[in-house]
Amino acid sequence: MPATPPPPPVSEEERTRLRSRIKRLLKERDAVLVAHYYVDEDLQRLAEETGGCVADSLEMARFGNAHPARTLVVAGVRFMGETAKILNPEKRVLMPTLQAECSLDLGCPASLFIPFCDAHPDRQVVVYSNTSAEVKARADWVVTSSIAVKLIEHLKARGEKILWAPDRHLGTYIQHVTGADMLLWNATCVVHDEFKGQALAALKRQHPDAAVIAHPESPTAVLDLADVIGSTSQLIEAAKNLPQQKLIVATDRGIFYKMKQAAPGKILMAAPTAGEGATCESCAHCPWMAMNALANLAEVLETGTNEVHVEETVRVKALRATQRMLDFAASIRQKNHGD
Ligand code: 13P
Ligand code: SF4
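What you are looking at is a predicted structure, and each value in this text was computed from that prediction instead of being measured.

## Description of the site of ligand 1
Taken together, His36, Tyr38, Asp56, Ser57, Tyr128, Asn130, Ser145, His192, His215, Glu217, Ser231 and Thr232 make up the full set of residues adjacent to ligand 1. Between ligand 1 and His36 there is a distance of 2.7 Å, counted from an oxygen atom to a side-chain nitrogen or oxygen. One nitrogen or oxygen atom from the side chain of Ser145 is found 3.1 Å from an oxygen atom belonging to ligand 1. Considering ligand 1 on its own, with 310 Å² of exposed area, one finds that the protein chains cover 96% of that surface.

What follows is the structure, encoded as structure tokens:
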């Protein structure tokens, strides 16, 4: 868990002042705000109102890459800022805080991961986007949860064996769906790992008319009870399209802002993060995403501090697997449009 606490709440008056300051600075600095669904509602709203994006990690990468602004301000966690820099070396990439880590990234240090890969040269190395630039530089493929199953199916059809890192739950889920030969790294997300299967089953019994939608970083016991499993964007789509009026949501509660917009009138319930008598640490909200706030966003736009840098030789190597991800995602989109 991070040593830095989330920024203190600010008054309504101060929020209004910060919002208009940020809007002015975004224009003056030729900057666009690229935000993840898990960050504070104020930041999501600002991204919407200023022509930025609020998206899953794949769409954040694609949006930043396609946008003409000279500065990308990434409100999320470090790997998202690094991905933006890997893809856009000519752009300035700023983040409200450079302290926003991710337990998956922290759980897969390059110093341990590289020798692990070297010990398994017969496997294609597929890493989740939630990793450092150094880890991406050692990978054959980068992938996000929205296309992970499709990519592994594709590699399996080519007869490849896979080395998967870092999320153990997502790896187990993909292995189960695709039947691919996968060697799994053992790290988890501090938020999703805390969802509890038994407590979820009890909540389902209380609400038999509710659908369960879950992010695949959740444990198998939770995914076994889910009606829909998908990336953050896919869960929002599901909330909109499912016939059920009640939804139990197993992902970070930051997503509720966009989910309510997509599925107005539906009842959204947070999946339980603690069983009888137990306590949760992250309580369905990523402590690193929570470090992004109006005040530090305004500050970086004003001063240009918190710029993301990726060492050039690492960046060039990491670009290969990251660009493959975007190209593979584009090929899926093309195929879907052609169908
Ligand atoms: P998505 O790619 O689904 O947005 O997931 C990113 C993430 O960090 C989930 O915890
Ligand atoms: Fe990482 Fe989990 Fe936070 Fe996503 S929610 S950024 S996987 S720690």
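Let's pick the thread back up.
## Brief notes about the nonpolar core
Of all hydrophobic cores here, the largest spans 112 residues; its most connected members are Phe113, Val126, Trp164, Ile174 and Met259. Residues in contact with Val126, not counting those within four places in the same chain, are Trp141, Val143, Leu151, Ile152, Leu155, Ile162, Leu163, Trp164 and Ala165. Among the nonpolar cores identified, the runner-up in size contains six residues, and Ala137, Val310, Val314 and Ala318 belong to it.

## A look at empty space enclosed by the protein
The full count for this structure, using the stated rule, is two cavities of 30 Å³ or more. Estimates place the volume of the largest cavity at around 230 Å³. Surrounding the largest cavity, 23 residues form its lining, His36, Tyr38, Asn130, Glu217 and Met289 being those nearest its centre. Residue composition of the lining of the largest cavity, grouped by class: 12 nonpolar, eight polar and three charged. In this structure, the second largest cavity encloses a volume near 80 Å³. As for the second largest cavity, its lining consists of Val34, Ser57, Met60, Ala61, Gly64, Leu72, Val74, Phe79, Met80, Thr83, Ala84 and Ser129. Of all the secondary structure elements, the ones that give two or more residues to the lining of the second largest cavity are helix H3 (57-66), strand S3 (71-75) and helix H4 (78-87). Residues of the lining of the second largest cavity, tallied by class, amount to eight nonpolar, four polar and no charged.

## Looking at the site of ligand 2
With respect to spatial proximity, the complete set of residues near ligand 2 consists of Tyr38, Val77, Cys102, Ser103, Leu104, Asn130, Cys189, Val191, Glu217, Cys286, Trp288 and Met289. When atoms are counted within 2 Å of each cavity's grid points, the one that captures over half of ligand 2 is the largest cavity. Classifying every residue of the shell around ligand 2 gives nine nonpolar, two polar and one charged.

## A look at the pairing of strand S9 (residues 210-214)
Sheet faces and side chains relate simply in a regular strand, where the side chains alternate between the two faces. Extensive coverage of S9 is indicated by the burial of five of its five residues. Burial of S9 is two-sided: the residues Ala210, Val212 and Ala214 facing one way and the residues Ala211 and Ile213 facing the other way are all buried. By the bridge criterion, five bridges tie S9 to strand S11 (residues 246-250) in an arrangement that is parallel. When the bridges of S11 are listed, Ala210 appears paired with Lys246. Examined bridge by bridge, S9 and strand S10 (residues 228-229) share two bridges and lie parallel to one another. Its bridge partner lying in S10, Ile213 is registered against Val228.

## Side note on the side chain of Thr188
When you line up the elements, Thr188 lands in the loop between strand S8 (182-184) and helix H10 (197-206). Residues within four places of Thr188 in sequence aside, it is in contact with Ser103, Leu104, Asp167, Arg168, His169 and Asp193.

## Looking at the sheet that holds strand S7 (residues 161-165)
With respect to topology, four strands assemble into an open sheet ordered S6-S5-S7-S8, the strand pairing being parallel. Of all strands in the sheet, those bounded by a partner on one side alone are strand S6 (141-143) and S8. Between one strand axis and the next, the sheet turns through 30 degrees on average, direction left out of account. Here five bridges tie strand S5 (residues 123-128) to S7, and the two strands are oriented parallel to one another. Each bridged residue has a counterpart across the sheet, and for Arg123 the counterpart in S7 is Lys161. The strands that helix H9 (residues 168-178) touches are S5, S7 and S8; relative to S8, the one it contacts most, it runs at about 165 degrees.

## Comments concerning the sheet that holds S11
An order of S10-S9-S11-S12 is seen for the four strands of this open sheet, with the pairing classed as parallel. The outermost strands of the open sheet, each flanked by one partner alone, are S10 and strand S12 (267-270). Summarising the sheet, S11 and S12 pair through four bridges and their orientation is parallel. Opposite Leu247, over in S12, you have Leu268 as the bridge partner. Lying over the sheet, helix H12 (residues 232-241) contacts S9, S10 and S11, oriented at roughly 165 degrees with respect to S9.

How each quantity is defined
Residues numbered from 1 in each chain as written. Chains lettered and ligands numbered in written order. Predicted model: local features only at pLDDT ≥ 70, side-chain atom pairs only at ≥ 80, totals over all residues. Heavy atoms only, no water. Near = heavy atom within 4 Å. Polar contact = N/O pair within 3.5 Å; in protein donor to acceptor, adjacent residues only side chain to side chain. Areas by Shrake-Rupley, 256 points an atom, 1.4 Å probe, with all protein chains shown as cover. Core = buried A, V, L, I, M, F, W, Y, C linked by side-chain atoms within 4.5 Å. Buried < 20%, exposed > 50% of the residue type's maximum accessible area, 1.4 Å probe, protein only. Contact = heavy atoms within 4.5 Å. 1 Å grid on protein atoms, 1.4 Å probe; cavity = no way out; pocket = protein on both sides within 12 Å on 5 of 7 lines; lining within 4 Å. Points joined across faces, edges and corners; volume = space filled by probe spheres on them. Nonpolar A, V, L, I, M, F, W, Y, C, P; charged D, E, K, R; others polar. Helix = DSSP H or I, 4+ residues; strand = E, 2+ residues; numbered from the N terminus. Sits in = over half its atoms within 2 Å of the grid points. Pairing = 2+ DSSP bridges. Axes fitted to C-alpha atoms, helices over the stretch in contact; angles between N-to-C directions.

Distances and angles like these do not, on their own, reveal function.
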